[in-house]
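# Descriptive structure summary
Residues per chain, in single letters:
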Amino acid sequence: MQTRDQVLEQVRTALVELFEIEADRITASARRDEDREIDSIDAVDLMDRLRRQTGRKISAENFRSVRTVDDLVTAVHALVQA
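So, how was this worked out
Residues numbered from 1 in each chain as written. Predicted model: local features only at pLDDT ≥ 70, side-chain atom pairs only at ≥ 80, totals over all residues. Heavy atoms only, no water. Salt bridge = Lys/Arg side-chain N within 4 Å of Asp/Glu carboxyl O. Helix = DSSP H or I, 4+ residues; strand = E, 2+ residues; numbered from the N terminus. Buried < 20%, exposed > 50% of the residue type's maximum accessible area, 1.4 Å probe, protein only. Polar contact = N/O pair within 3.5 Å; in protein donor to acceptor, adjacent residues only side chain to side chain. Expected span 1.5 Å × (residues − 1). Arc of directions from axis to C-beta. Contact = heavy atoms within 4.5 Å.

### Comments concerning the pattern of salt bridges
One pass over the structure, following the stated rule, counts five salt bridges. Close ionic contact of Glu 17 with Arg 49 constitutes a salt bridge, the shortest N to O distance being 2.3 Å. Within this pair, whereas Glu 17 is found in helix α1 (residues 4-19), its partner Arg 49 is found in helix α2 (residues 40-54), the two being separated by 32 residues in sequence. A cluster of three or more residues bridged by salt bridges with shared partners is formed by Asp 48, Arg 51 and Arg 52.

### Observations concerning unusual backbone geometry
A positive phi angle, close to 55°, is found at Glu 20, a residue other than glycine. Tracing the backbone through its elements, the reader meets Glu 20 in the loop between α1 and α2. Taking the relative accessible area as the measure of exposure, Glu 20 reaches 73% and is therefore exposed.

### Observations regarding the environment of Thr 74
Looking at the secondary structure, you find Thr 74 in helix α4 (residues 69-81). Since its relative accessible area comes to 38%, Thr 74 is described here as partly exposed.

### Quick look at the environment of Glu 17
Along the sequence, Glu 17 and Asp 70 sit 53 residues apart, while their C-alpha atoms lie 19 Å from each other. A polar contact of 2.3 Å, which involves the side chain of Glu 17, links it to the side chain of Arg 49.

### Looking at α2
In an α-helix, one turn spans 3.6 residues; hence positions three or four apart end up facing the same way. Across its 15 residues, α2 extends 21 Å between first and last C-alpha, which sits within 8% of the 21 Å expected from 1.5 Å per residue. Inspection of α2 places Asp 42, Ala 43, Leu 46, Met 47, Arg 49, Leu 50 and Thr 54 among the buried residues, and these make up the whole buried set. Projected onto a plane normal to the axis of α2, the buried residues spread over an arc of 165° and lie on a single side. Exposed residues pointing more than 90 degrees away from the buried face of α2 are listed as Ile 41, Val 44 and Arg 52. Close packing links the buried residues of α2 with α1, α3 (60-64) and α4. Looking one or two residues past α2, Gly 55 carries a phi angle of roughly 80°, positive in sign.

And the structure:
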């Protein structure tokens, strides 16, 4: 079972490695598409990376509602707790 902090670290690592975003720019309130310049193709890569890390698939419907890093952490944390 993972904590929210562990999920946040996984998300942060994925964003840094996949999109070369500086770790200090990845805050809970950072917006997915505006602040981090992630388009829909990048979002698919991120979803796939998180699926491989957690063993759980994030549905497209769940990901559409994600607007911030905190939203993403909440969604992934809920999946790994299920």
